Amino acid sequence: MSDPKPEDSSDLPPSLRDEMLDIYVSPRSHHPLRRATTSELESIGTRAGAGALVDRGGRPVAGASEAGLVCEAEGVLFPVVNRIPKLLWEDGIPLAEG
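Just so it is clear, the structure is predicted and the values come from calculations on it, not from any experiment.

(A) A look at the packing of aromatic side chains. Under the counting rule described, the total for this entry stands at 1 aromatic pair. Taken together, a centroid distance of 6.3 Å and an interplanar angle of 55° make the contact between Phe78 and Trp89 tilted. Pair noted here: Phe78 is in strand E3 (residues 76-81) and Trp89 is in the loop between strand E4 (84-85) and strand E5 (93-94), with a separation of 11 residues, a long-range link. Residue Phe78 is classed as buried on the basis of its relative accessible area, which comes to 0%.

Written out as C-alpha cells, the structure is:
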C-alpha cells in the first residue's frame with residue numbers, strides 16, 4: 001500500500017497534521033489511526049453514492065468524506081467533517097464491503 005501521508009502536510013487542517021496523528025487512537029480499541037488514502041476516500045464515496053453504506057451506528061452514509069482517519073486493525077474509517085475528526089465508534093465507516 002502506498003504511504004497515505006502527503007509530501008507536505010502544511011496544506012492539511014491542523015487536526016490532520018503529523019504532530020496530531022501521534023495522539024489519535026480508535027475510541028474502541030485504542031489502536032493508532034492514520035490518514036485515509038485518496039483511494040480509501042474514493043471507495044467510501046462510491047459506496048455511499050450507491051446507497052450501500054451505513055456507519056457503525058447503523059445510519060446511512062450520505063456522501064464522500066473530505067478526509068478521514070483509519071484504524072487498520074478494525075478496518076474502520078472515522079470521517080473528518082468541517083476539518084474536525086469524528087472519533088465516536090458509531091461514526092466509524094467500515095472499509096470493507098459487506
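(B) Region of the structure containing the side chain of Asp91. Relative to the elements of secondary structure, Asp91 occurs in the loop between E4 and E5. You can call Asp91 buried: its relative accessible area is 12%. A distance of 2.7 Å separates the side chain of Asp91 from the side chain of Arg59, its partner in a polar contact. When sequence neighbours within four positions are dropped, the list of residues in contact with Asp91 reads Asp55, Arg59, Leu77, Pro79 and Lys86.

Criteria and cut-off values
- All residue numbers refer to position in the chain's written sequence, counted from 1.
- In keeping with the predicted nature of the model, local features appear solely for residues at pLDDT of at least 70, side-chain atom pairs appear and are counted solely at 80 or more, and the whole-chain, interface and lining totals rest on all residues.
- Excluding hydrogens and water, the side-chain figures rest on all heavy atoms present in the structure.
- Classification of ring pairs rests on two measures: the distance between centres of Phe, Tyr or Trp rings, Trp counted by its six-membered ring, which must be within 6.5 Å, and the angle between planes, read as stacked under 30 degrees, edge-to-face over 60 and tilted in between.
- Elements are defined by DSSP. Helices are runs of H or I of four residues or more, strands are runs of E of two residues or more, and each kind is numbered from the N terminus.
- A 1.4 Å probe rolled over the protein chains alone gives each residue an accessible area, and that area as a share of the maximum for its type sets the label: buried under 20%, exposed over 50%, partly exposed in between.
- Any N or O atom pair separated by 3.5 Å or less is treated as a polar contact, with the protein-specific requirement of one donor-capable and one acceptor-capable atom, and with residues adjacent in sequence counted only for side-chain atom pairs.
- A contact between two residues is defined here by any heavy atoms of the two lying within 4.5 Å.

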